[in-house]
Amino acid sequence: MIPYKSDPRGGAPKKEKRYHVYAVPSKAAFEIRYPRVEGYTRAIRNRVTVEWRSLPVLPLVPGTIPPEVDVKGGLPNNEGRSSLTGPGAVENVTLNPYRKGRRLQELVFDMAAALTKDYKAQPRCEVPTHVLFPQMAKIVERYLKDFVEPVPPADILDVFLSPYYGWVIERLLEAIRPDTSQGEAPEVPRYEANRGPGSTAEVDFWTSREPREVVHSHLNYMVPDTKKWEQSAAYYIDNHPATAAFVKNAGLGFSVPYLHNGQMHDYIPDFIVKLKAAPETHVILETKGYDPFTEVKQEAAERWAAAVNADGTYGKWIYGLARKPEEVARIISAAAESVQ
């Protein structure tokens, strides 16, 4: 005899349905290959510049990092909890003493010196320090003037405190490029040494997300991460006359490296679209809702595309950001027209 106790919930839970996503051999004509970039190489002799057009704005938001606070001795109330009511004065603590003893130009020079030191430590940077520092000072000055937005009671001087200071250094280090207009060699990608280019032929995974069948894809399914957004985007891509092939970046492994908070991260865009164009052209397409790091990721993707284009081994790459489904077709059309 084996004791048995019935399940009061009415039996075993329903088994979750899973889908097998893989590259279909008969659809090999829709294969997409991409380079695996792990970093960048710069060979600078004299001049640097910044791609100001794609540089993200840095807001100094008091609600996130308060520049002032009210404090008071924590006296317990009748319930034993600390309270601001009762005897004792409330003190307003601000950053004014710090701000009063500093000048903006002095801090600009300090930041430029830190940038110069970090940049000189990079391999193949041959520009002398006395030539590089004045360029860095001008870059820092313009960034603080045009790309830092202090929200009162925050002040522009607060950008020299943590974590803002580190964010500015990171963003400028990522944005500074060799000045090709002055004869410098362009920045080029550093590809992974232990792996070759990635391909849709390597995709093979299982998922519980409900997929969608598509036509112009090497894979049997497109696996969306949303309820409607990416499905709509895939429809526009699949039916666009300029689309030769496309793939949803799920199980593909395509990523763009970027630096934030002192650590390297991988930005994973939504789609890669191969166009009917010569030379071979791909669009990295992002369908984006709210994301506080949208501009940081966009700058990283445009840097990736510029470096890969400069190398030329993998054809031409264009980055597009769609905030609405109807913008997808416009981005693909614009990309196709740019290579005609």
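Predicted model, so just to flag it, every value in this text is computed and none were measured.

Engineer: Break down the overall build of the protein chain for me, citing the residues and quoting the values.
Structural biologist: A tally of regular secondary structure across the protein chain gives seven helices and 20 strands. Computed over its C-alpha atoms, the radius of gyration of the protein chain comes to 26 Å, more than 25% above the 20 Å expected for a compact globule of 340 residues. Judged by the C-alpha coordinates and their principal axes, the protein chain covers about 80 × 75 × 45 Å. Taken across its 340 residues, the protein chain has 43% of its residues classed as buried. Long-range contacts, defined here as pairs at least 24 residues apart, represent 73% of the contacts in the protein chain between residues at least 6 apart.

Engineer: Break down helix α6 (residues 294-311) for me, citing the residues and quoting the values.
Structural biologist: In this model, α6 (18 residues) spans 26 Å end to end at C-alpha, consistent with the 26 Å of a helix rising 1.5 Å per residue. Restricting attention to buried positions, one finds in α6 the residues Thr294, Val296, Lys297, Glu299, Ala300, Ala301, Glu302, Arg303, Trp304, Ala305, Ala307 and Val308. Remark: Gly312 follows α6 within two positions and exhibits a positive phi of approximately 80°.

Engineer: Run through the pattern of salt bridges, naming residues and quoting values.
Structural biologist: For the structure on display, the rule yields 17 salt bridges. The salt bridge partner of Arg42 is Glu187, with a shortest N-O separation of 2.7 Å. Here Arg42, found in the loop between β3 (37-41) and β4 (48-50), pairs with Glu187, found in the loop between β11 (176-178) and β12 (188-191); they are 145 residues apart in sequence, far enough to count as distant. Accessibility expressed as a relative area gives 6% for Glu187, which makes it buried. We note a salt bridge from Glu187 to Arg177, for which the minimum N-O separation is 3.7 Å.

Engineer: Tell me about helix α7 (residues 327-338), and name the residues and values.
Structural biologist: Along an α-helix, residues three or four positions apart point the same way, because every turn accommodates 3.6 residues. Its twelve residues give α7 an end-to-end C-alpha distance of 17 Å, which sits within 8% of 16 Å, the value for a rise of 1.5 Å per residue. By the burial criterion, the buried members of α7 are Val328, Ile331, Ile332, Ala335 and Ala336. When α7 is viewed along its axis, its buried side chains cluster within an angular range of 130° and face the same direction. Opposite the buried face of α7, by more than 90 degrees, sit the exposed residues Arg330 and Glu337. Buried residues along α7 sit in contact with α5 (229-238), β15 (243-248), β18 (271-275), β19 (281-287) and β20 (316-322).

Engineer: Go over the side chain of Lys297, please, and point to the residues and values.
Structural biologist: Topologically, Lys297 is positioned in helix α6. In this structure Lys297 comes out as buried when scored by relative accessible area, which is 15%. Beyond its immediate stretch of four places on either side in the chain, Lys297 contacts Tyr258, Tyr267, Lys288 and Asp291.

Engineer: Outline the packing of aromatic side chains, listing residues and values.
Structural biologist: Tallying each qualifying case throughout the model produces 13 aromatic pairs. Each ring, one from Phe109 and one from Phe133, has its centre 5.7 Å from the other, and the planes form 85°; the classification is edge-to-face. In this pair, Phe109 is assigned in helix α2 (residues 104-120) and Phe133 in helix α3 (residues 129-146), connecting sequence segments 24 residues apart. These aromatic residues form a ring-pair network of at least three members: Tyr34, Phe254, Trp304 and Trp317.

Engineer: So what about the environment of Gln122? Which residues, and what values?
Structural biologist: Looking at the secondary structure, you find Gln122 in the loop between α2 and α3. Between the C-alpha atoms of Gln122 and Ala185, which are 63 residues apart in sequence, the distance is 15 Å. Among all residues touching Gln122, those that are not within four sequence positions of it are Arg42 and Leu173.

Engineer: Account for the layout of surface pockets, naming residues and giving values.
Structural biologist: Of the voids in this model, the largest pocket is the one considered here, and its volume is about 470 Å³. Contributing to the lining of the largest pocket are 23 residues, with Glu51, Arg53, Glu302, Arg303 and Ala306 lying nearest its centre. Breaking the lining of the largest pocket down by element, the ones donating at least two residues are β11, α6 and β20. Counting residues per element, the lining of the largest pocket draws most heavily on α6, at eight residues. Grouping the constituent residues of the lining of the largest pocket by class yields ten nonpolar, five polar and eight charged.

Engineer: How would you summarise the side chain of His218 if you had to cite specific residues and measurements?
Structural biologist: As for its placement among the helices and strands, His218 is situated in the loop between β14 (204-207) and α5. When neighbours within four sequence positions are excluded, His218 is seen to be in contact with Tyr22, Ala23, Val24, Lys27, Ala28, Phe30, Glu31, Thr200, Ala201 and Phe246.

Engineer: Which residues make up the sheet that holds β18, and what values do they have?
Structural biologist: As summarised here, the arrangement of the four strands in space is β15-β18-β19-β20, forming an open sheet in which the pairing is mixed. Edge positions in the open sheet fall to β15 and β20, since each of these has one partner strand only. In this sheet, adjacent strand axes meet at a mean angle of 20° when their direction is disregarded. Across four bridges, β18 lies against β19 in antiparallel orientation. By the bridge assignment, Lys274 is partnered in β19 with His282. Sheet strands in contact with α7 are β15, β18, β19 and β20, and its direction is about 155° off that of β20.

Engineer: Describe the environment of Thr243, naming the residues involved and giving the relevant values.
Structural biologist: As for its placement among the helices and strands, Thr243 is situated in strand β15. Take Thr243: its relative accessible area is 1%, and that puts it in the buried class. Along the chain, Thr243 and Val283 lie 40 residues apart, while their C-alpha atoms are 9.9 Å from each other. Among the polar contacts listed, one links the side chain of Thr243 to the backbone oxygen of Ile237, at a separation of 2.8 Å.

How each quantity is defined
Residues numbered from 1 in each chain as written. Predicted model: local features only at pLDDT ≥ 70, side-chain atom pairs only at ≥ 80, totals over all residues. Heavy atoms only, no water. Helix = DSSP H or I, 4+ residues; strand = E, 2+ residues; numbered from the N terminus. Rg over C-alpha atoms; globule rule 2.2 N^0.38 Å. Buried < 20%, exposed > 50% of the residue type's maximum accessible area, 1.4 Å probe, protein only. Contact = heavy atoms within 4.5 Å. Expected span 1.5 Å × (residues − 1). Salt bridge = Lys/Arg side-chain N within 4 Å of Asp/Glu carboxyl O. Arc of directions from axis to C-beta. Phe/Tyr/Trp six-rings, centres within 6.5 Å; stacked < 30°, edge-to-face > 60°. 1 Å grid on protein atoms, 1.4 Å probe; cavity = no way out; pocket = protein on both sides within 12 Å on 5 of 7 lines; lining within 4 Å. Points joined across faces, edges and corners; volume = space filled by probe spheres on them. Nonpolar A, V, L, I, M, F, W, Y, C, P; charged D, E, K, R; others polar. Pairing = 2+ DSSP bridges. Axes fitted to C-alpha atoms, helices over the stretch in contact; angles between N-to-C directions. Polar contact = N/O pair within 3.5 Å; in protein donor to acceptor, adjacent residues only side chain to side chain.

It is worth stressing that arrangement in space is one thing and function is another; only the former is reported here.
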